[in-house]
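So the chains spell out like this:
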Amino acid sequence: MDVLINVFVALHVIGIASLLGGFLTQMKAIGAGTARFNPAMLHGALTMLITGVALVGLNQADDQAVNNVKIGIKMAVLVVILALVYVKRDDEQVEKAVFGAVGGLTTANIFIATLWT
């Protein structure tokens, strides 16, 4: 079971990297007002959602303690990220505030995951 959990953790990190990497590669475009959500950001958010739900199920099946409040907050933040990216995915230009919100929420989700023990 530990190997399976570690595989899903790795996939979850790949999803985070895709979402945050898509944001960071467009930092210059944000300043110019031409930033847009790329498919990697949408796929990264979806990967995070699917692997996160799987991790909760696997950890509970393995009789490990799961902090449901933390998971609930992380999922709520991720759903907001996913909604913003999904709705604006076809726009040629995304407003600076929306694009910045996705980056900020992604960073907040990372800090919640790592600092909340």
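Refer to the structure presented above.
If you're wondering where the values come from, they're calculated on a predicted model, not measured in any experiment. (Residues numbered from 1 in each chain as written. Predicted model: local features only at pLDDT ≥ 70, side-chain atom pairs only at ≥ 80, totals over all residues. Heavy atoms only, no water.)

Draft legend 1. Region of interest: the layout of surface pockets. Its volume calculated, the largest pocket comes out at about 570 Å³. In terms of lining, the largest pocket is formed by 26 residues, of which the most central are His12, Leu55, Ile71, Lys74 and Ala113. Contributing elements (two or more residues each) for the lining of the largest pocket: α1 (2-24), α3 (39-61), α4 (68-87) and α5 (96-115). Sort the elements by how many residues they give to the lining of the largest pocket and α3 lands first, with seven residues. Taken together, the residues of the lining of the largest pocket sort by class into 16 nonpolar, eight polar and two charged. (1 Å grid on protein atoms, 1.4 Å probe; cavity = no way out; pocket = protein on both sides within 12 Å on 5 of 7 lines; lining within 4 Å. Points joined across faces, edges and corners; volume = space filled by probe spheres on them. Helix = DSSP H or I, 4+ residues; strand = E, 2+ residues; numbered from the N terminus. Nonpolar A, V, L, I, M, F, W, Y, C, P; charged D, E, K, R; others polar.)

Draft legend 2. Spatial organisation of the packing of α1 against α3. Two elements in contact, α1 and α3, have axes whose closest approach is 8 Å; the angle formed by their N-to-C orientations is 155°. By the angle between their axes, α1 is roughly antiparallel relative to α3. Considering how the two elements wind past one another, α1 and α3 form a crossing that is left-handed. Facing Leu4, Ile5, Phe8, Val9, Leu11, His12, Gly15, Ile16, Ser18, Leu19, Gly22 and Phe23 of α1, the residues of α3 in contact are Ala40, Met41, Gly44, Ala45, Thr47, Met48, Thr51, Gly52, Ala54, Leu55, Leu58 and Asn59. (Axes fitted to C-alpha atoms, helices over the stretch in contact; angles between N-to-C directions. Parallel < 35°, antiparallel > 145°, perpendicular 65-115°, else oblique. Left-handed = near helix turned anticlockwise from the far one by under 90°. Contact = heavy atoms within 4.5 Å.)

Draft legend 3. Representation of the packing of α3 against α4 within the structure. Where α3 contacts α4, the axes come no closer than 9 Å and their chain directions differ by 160°. Between α3 and α4, the interaxial angle falls into the category roughly antiparallel. By crossing handedness, the relation of α3 to α4 is classed as left-handed. Where α3 approaches α4, its residues Met41, Leu42, Ala45, Leu46, Met48, Leu49, Val53, Val56 and Gln60 are matched on the opposing element by Asn68, Ile71, Met75, Leu78, Leu82, Val85 and Tyr86. Per-class residue counts for the contact of α3 with α4 are 14 nonpolar, two polar and no charged.

Draft legend 4. Spatial organisation of the environment of Gly72. As for its placement among the helices and strands, Gly72 is situated in helix α4. Separated by 28 residues in the primary sequence, Gly72 and Gly44 place their C-alpha atoms 19 Å from one another.

Draft legend 5. A look at a nonpolar patch on the surface. A surface patch of nonpolar side chains, about 360 Å² in accessible area, is lined by Val3, Val7, Leu11 and Ile14. As for its position among the elements, Ile14 is in helix α1. Relative accessible area serves as the criterion here: at 53%, Ile14 is assigned to the exposed category. (Patch = residues over 30% accessible without salt bridge, like charges linked within 9 Å, V, L, I, M, F, W, Y side chains within 5 Å. Areas by Shrake-Rupley, 256 points an atom, 1.4 Å probe, with all protein chains shown as cover. Salt bridge = Lys/Arg side-chain N within 4 Å of Asp/Glu carboxyl O. Buried < 20%, exposed > 50% of the residue type's maximum accessible area, 1.4 Å probe, protein only.)

Draft legend 6. Focus on the pattern of salt bridges. If you walk through the whole model with that rule in mind, you get two salt bridges. Overlapping salt bridges bring together Lys88, Asp91 and Glu95 as one network.

Draft legend 7. Structural context of α4. A rise of 1.5 Å per residue sets the reference length of α4, with its 20 residues, at 28 Å; its end C-alpha atoms lie 28 Å apart and thus fit the reference within 8%. Listed as buried for α4 are Lys70, Lys74, Val77, Leu78, Ile81, Leu82 and Val85. The arc that holds the buried residues of α4, viewed along the axis, is 140°, so those residues lie on one side. What points out from α4, more than 90 degrees from its buried face, is the exposed set Asn68, Val69 and Val87. Taking the backbone nitrogen of Val69 as reference, a side-chain oxygen 3.3 Å away marks Asn67 as the first, capping residue of α4. (Expected span 1.5 Å × (residues − 1). Arc of directions from axis to C-beta. Polar contact = N/O pair within 3.5 Å; in protein donor to acceptor, adjacent residues only side chain to side chain.)

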